[in-house]
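Structural overview
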Amino acid sequence: MTGFPGQMAGVAGLVALYMTAWFAVALVRKDNSVADIAWGLGFVLVAAVTFSRRSALVPPLLVTALVAAWGTRLAVHILLRNRAKGEDPRYAAWRRQWGRSFVWRSYFQVFLLQGLFMVVISSPVVLVNTAPSSPRPALAAWLAGSAVWAVGFVFEAVGDAQLARFKRDPANKGRIMDRGLWRYSRHPNYFGESLMWWGIFLAALGTPGGWMTVASPALLTFLLVRVSGVPMLERRYAGNAEFQAYARRTNAFVPGPPRKAPAAEP
């Protein structure tokens, strides 16, 4: 198998080994939360390995730098956030639910499944880094992609920093964060992550065949909005009156002006 499919097959093998190693770490530590740290760093690994196979400089250097900045910042943020806090409640709940089947289900449903998503989402990076050199300039695609990525990076990094600062204040314990970027979106960090990968996809459009990697940002956005992002996090607040009021006035994902609360009936 040669060309882009062959490169993707090689990346799939690399990611499988990478996630298996993190699974071993999780078993030793009895903490599947390490999968969240592995997520961002896995993309950095894929970008670095495929960058070594480049036939050009500018496009691979651009997308590799964007992915490295995103993945490294995210991994460091999660590492610091989870330090000395034990296993994330999501994974702890699965540990209880899965019982005796916890080990093999963790391997397949947490680590290898995330690895599969990682392979699909990394496809624009793999394409740009391994495609034959093209004489066609693509400055517009590179600039547009970088601009969209930059906006997304601000949303994710600033949103994470604002939430971390809010949680460090003991006076906010049990309260809902509705300040800063969180006034306009219930999940500005997730929105930013999605936007960054749409930016990477736009940059990849400067490479012949770049349109084929649209599944990358589409899948990530779907996961954040419908599967493991917004729904999973908001289930924790079921029955929380303050959160329900916040949800009624604030967009879930795409930022927008807060809505006015409906007037009380006489």
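This one's a predicted model, so the numbers in the text were calculated from it and none came from an experiment.

Quick look at the overall build of the protein
Check the secondary structure of the protein and you find 11 helices and zero strands. Each helix and strand of the protein, ordered N terminal to C terminal, gives the series α-α-α-α-α-α-α-α-α-α-α. Against the 2.2 N^0.38 benchmark of 18 Å for 266 residues, the protein shows a C-alpha radius of gyration of 20 Å, consistent with a compact globule. Counting the 266 residues in the protein, one finds 46% classified as buried. Restricting to contacts in the protein with at least 6 residues of sequence separation, those with at least 24 account for 78%. When the accessible area of the protein is evaluated, it comes to approximately 13,800 Å², of which 67% is carbon and sulfur surface. In the protein, which carries 29 positive and 12 negative side-chain charges, the distance between the mean positions of the two groups comes to 3 Å.

Considering the environment of A252
Considering the arrangement of structural elements, one finds A252 in the segment after α11 (241-249). Classification of A252 by relative accessible area gives partly exposed; the value is 26%. Setting aside chain neighbours within four positions, we find A252 in contact with S185, R186, H187 and V230.

Some thoughts on the side chain of H187
Along the polypeptide, H187 turns up in the loop between α7 (139-168) and α8 (188-204). When residues no more than four places from it in sequence are discounted, the contact partners of H187 are W182, V230, L233, E234, A252 and F253.

Here's the deal with a nonpolar patch on the surface
There is a patch of nonpolar side chains on the surface, built from L57, V58 and L61 and spanning about 270 Å² of accessible area. Secondary-structure assignment places V58 in helix α3 (residues 58-82). For V58, a relative accessible area of 47% gives the class partly exposed.

Digging into the confidence of the model for the protein
Should pLDDT be low for a region, the predicted coordinates there are not to be read in detail. Scored by pLDDT, the protein comes out at a mean of 94, with 97% of its residues at no less than 70. By mean pLDDT, the top-scoring element of the protein is α8 (98), and the lowest-scoring one is helix α4 (residues 89-98) (90).

Procedures and definitions
Residues numbered from 1 in each chain as written. Predicted model: local features only at pLDDT ≥ 70, side-chain atom pairs only at ≥ 80, totals over all residues. Heavy atoms only, no water. Helix = DSSP H or I, 4+ residues; strand = E, 2+ residues; numbered from the N terminus. Rg over C-alpha atoms; globule rule 2.2 N^0.38 Å. Buried < 20%, exposed > 50% of the residue type's maximum accessible area, 1.4 Å probe, protein only. Contact = heavy atoms within 4.5 Å. Areas by Shrake-Rupley, 256 points an atom, 1.4 Å probe, with all protein chains shown as cover. Lys, Arg positive; Asp, Glu negative; His and termini not counted. Charge placed at Lys NZ, Arg CZ, Asp CG, Glu CD. Patch = residues over 30% accessible without salt bridge, like charges linked within 9 Å, V, L, I, M, F, W, Y side chains within 5 Å. Salt bridge = Lys/Arg side-chain N within 4 Å of Asp/Glu carboxyl O. pLDDT = per-residue confidence, 0-100.

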